[in-house]
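Coordinates in review
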Amino acid sequence: MKNTVLTIKEQKIKGEKISMLTAYDYSTAKLIDEAGINMILVGDSLGNTMLGYEDTISVTMEDMIHHGAAVARGAKNALVVVDMPFMSYQPAVYDAVVNAGRLMKEGRAEAVKLEGGEAVCPQVKAIVDAGIPVCAHLGLTPQSINVFGGHRVQGKTEDAAKKLIADAKAVEEAGAFAVVLECVPAKLAELVTKELSIPTIGIGAGNGCDGQVLVYQDMLGMFSDFTPKFVKRFENIGEIMKNAFAAYDSEVKAGTFPGKEHEYTIADDVLEKLY
Ligand code: KIV
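Let me sum up the structure you'll find in this document. (Residues numbered from 1 in each chain as written. Predicted model: local features only at pLDDT ≥ 70, side-chain atom pairs only at ≥ 80, totals over all residues. Heavy atoms only, no water.)

What about the sheet that holds strand β8 (residues 211-214)?
- Here eight strands make up a closed barrel; going around it, the order is β1-β2-β3-β4-β5-β6-β7-β8 and the pairing parallel. Across the sheet, the mean angle from the axis of one strand to that of its neighbour is 25°, orientation sign disregarded.
- Sheet analysis places strand β1 (residues 18-22) next to β8, joined by four bridges and oriented parallel. By the bridge assignment for β8, L21 is matched with L214.
- Packing against the sheet, helix α8 (residues 158-174) makes contact with β5 (134-139) and β6 (178-182), and its axis sits at approximately 175° to β5. (Pairing = 2+ DSSP bridges. Helix = DSSP H or I, 4+ residues; strand = E, 2+ residues; numbered from the N terminus. Axes fitted to C-alpha atoms, helices over the stretch in contact; angles between N-to-C directions. Contact = heavy atoms within 4.5 Å.)

Below is the structure:
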């Protein structure tokens, strides 16, 4: 069954947990989709995981469109949410609508995600009014890493917690269909989840959220540049891949790959004429 913003909202009403994973390419999207995950996030984390940047700041609209379209081709049932990259929506409402439109038209997004609360509510409202669903993102918003001064848990003081609650209510009011809560105390995320009618999707926000999202390379053990506390490794695929690459290397160098079973044949009478 195709997941839509409506089915995602219904999952909250029914008390069913919502699953989301990142993907950045066709074949991974297909596997995630076939596993029954509700939403695929084409995150700007592709700057780290796919492009090797230290942060998400340099990710472009073209990067997001390129990877979004690849993921959309592999996702039959999962709702595809594509991140709006840094500076594609912050400067002006007009830019935000045009760029969200490009992510939908060219990147085949079914919804877009942007970072921020009250400050970006005019953008959220205008994008939704243009017919494009918006997922908001609060807490540790990686595009603002230079303001935070590093990867820190957000919402720990009374003021910060009150601001997070106000931001969450504001993006709901502006029309967001869901909100990602990243790196916030579990009890605060639980409170926000109770206060909102739209689903909260947690990453480092505890088990009280309506759903969870992880970066797929993190949960598969494929990305070791840094591993936040909230990541659970469900497999160690990185090690399996490395062993397979090493086995290939050995067989190529030993001349044992390719074997007879990997060869194509040519008829002897044709071959004779070549000598
Ligand atoms: O870009 C991303 O992968 C994200 C998740 C961490 C929520 O925004």
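Overview of the site of the ligand
- Close to the ligand lie T22, L41, G43, D44, S45, D83, K113, H137, V180, E182, I203 and V215.
- D44 is positioned with one of its side-chain polar atoms (N or O) 3.1 Å from an oxygen atom of the ligand.
- Between K113 and the ligand, the recorded distance is 2.9 Å, taken from a side-chain N or O atom to an oxygen atom.
- Here the residues of the shell around the ligand sort into four nonpolar, four polar and four charged. (Near = heavy atom within 4 Å. Polar contact = N/O pair within 3.5 Å; in protein donor to acceptor, adjacent residues only side chain to side chain. Nonpolar A, V, L, I, M, F, W, Y, C, P; charged D, E, K, R; others polar.)

Here's the deal with the side chain of D63
- Within the secondary structure layout, D63 lies in helix α4 (residues 61-74).
- One buried charged side chain, D63, makes no salt bridge at all; its nearest oppositely charged neighbour is R102, positioned 11 Å away.
- The residues contacting D63, other than those within four sequence positions of it, are L46, L51 and S58. (Buried < 20%, exposed > 50% of the residue type's maximum accessible area, 1.4 Å probe, protein only. Lys, Arg positive; Asp, Glu negative; His and termini not counted. Salt bridge = Lys/Arg side-chain N within 4 Å of Asp/Glu carboxyl O.)

Focus: the pattern of salt bridges
- In this structure the tally under the stated criterion is 15 salt bridges.
- With its nearest N and O atoms 2.8 Å apart, the salt bridge here joins D83 to K113. One end of the pair, D83, is in strand β3 (residues 79-83); the other, K113, is in strand β4 (residues 111-115), and 30 residues separate them in sequence.
- The class for K113 is buried, based on a relative accessible area of 2%.
- E118 serves as the salt-bridge partner of K163, at 3.6 Å between the closest nitrogen and oxygen.

As for the nonpolar core
- M39, V81, L103, V112, I127, F177 and L181 are the most contacted members of the largest nonpolar core, which has 71 residues in total.
- Among the elements that take part in this core, α8 stands out by supplying seven residues, more than any other.
- L181 has contacts with L138, A189, V192, T200, I201, G202, I203, A205 and C209, leaving out every residue within four places of it along the chain. (Core = buried A, V, L, I, M, F, W, Y, C linked by side-chain atoms within 4.5 Å.)

Describing the packing of aromatic side chains
- One pass over the structure, following the stated rule, counts two aromatic pairs.
- Judged by centre distance (6.0 Å) and plane angle (40°), the rings of Y24 and Y216 are tilted. Placement of the pair is Y24 in the loop between β1 and α2 (26-34) and Y216 in helix α10 (residues 216-219), with a sequence separation of 192 residues. Pair check on accessibility: Y24 and Y216 agree, each one buried. (Phe/Tyr/Trp six-rings, centres within 6.5 Å; stacked < 30°, edge-to-face > 60°.)

Here we look at a nonpolar patch on the surface
- Side chains of I266, V270, L274 and Y275 sit close together on the surface and give an oily, nonpolar patch of about 490 Å² of accessible area.
- Within the secondary structure, V270 sits in helix α12 (residues 268-272). (Patch = residues over 30% accessible without salt bridge, like charges linked within 9 Å, V, L, I, M, F, W, Y side chains within 5 Å. Areas by Shrake-Rupley, 256 points an atom, 1.4 Å probe, with all protein chains shown as cover.)

Things to note about the packing of α2 against α4
- α4 packs onto α2 with a crossing angle of 40° between their chain directions and a minimal axis gap of 7 Å. It follows from the interaxial angle that α2 and α4 lie oblique. At the point where α2 passes α4, the crossing takes the right-handed sense. Within the contact between the two elements, α2 uses Y26, A29, K30 and D33 and α4 uses A70, V71, R73 and G74. (Parallel < 35°, antiparallel > 145°, perpendicular 65-115°, else oblique. Left-handed = near helix turned anticlockwise from the far one by under 90°.)

Some thoughts on the pairing of β4
- Within β4, five of the five residues are buried, which leaves it mostly tucked inside the rest of the structure.
- Covered by surrounding structure in β4 are A111, K113 and E115 together with V112 and L114, the residues of both alternating faces.
- Of the strand pairs in this sheet, β3 and β4 are connected by three bridges, and their pairing is parallel. Each bridged residue has a counterpart across the sheet, and for D83 the counterpart in β4 is K113.
- Where β4 meets β5, four bridges bridge the pair, whose relative direction is parallel. When the sheet's bridge partners are listed, E115 is paired in β5 with H137.
- With respect to chirality, the unit in which β4 leads through helix α6 (residues 121-129) into the neighbouring parallel β5 is right-handed. (Right-handed = clockwise from strand over helix to strand, strands pointing away.)

The quantities given are spatial measurements derived from coordinates; they are silent on function.
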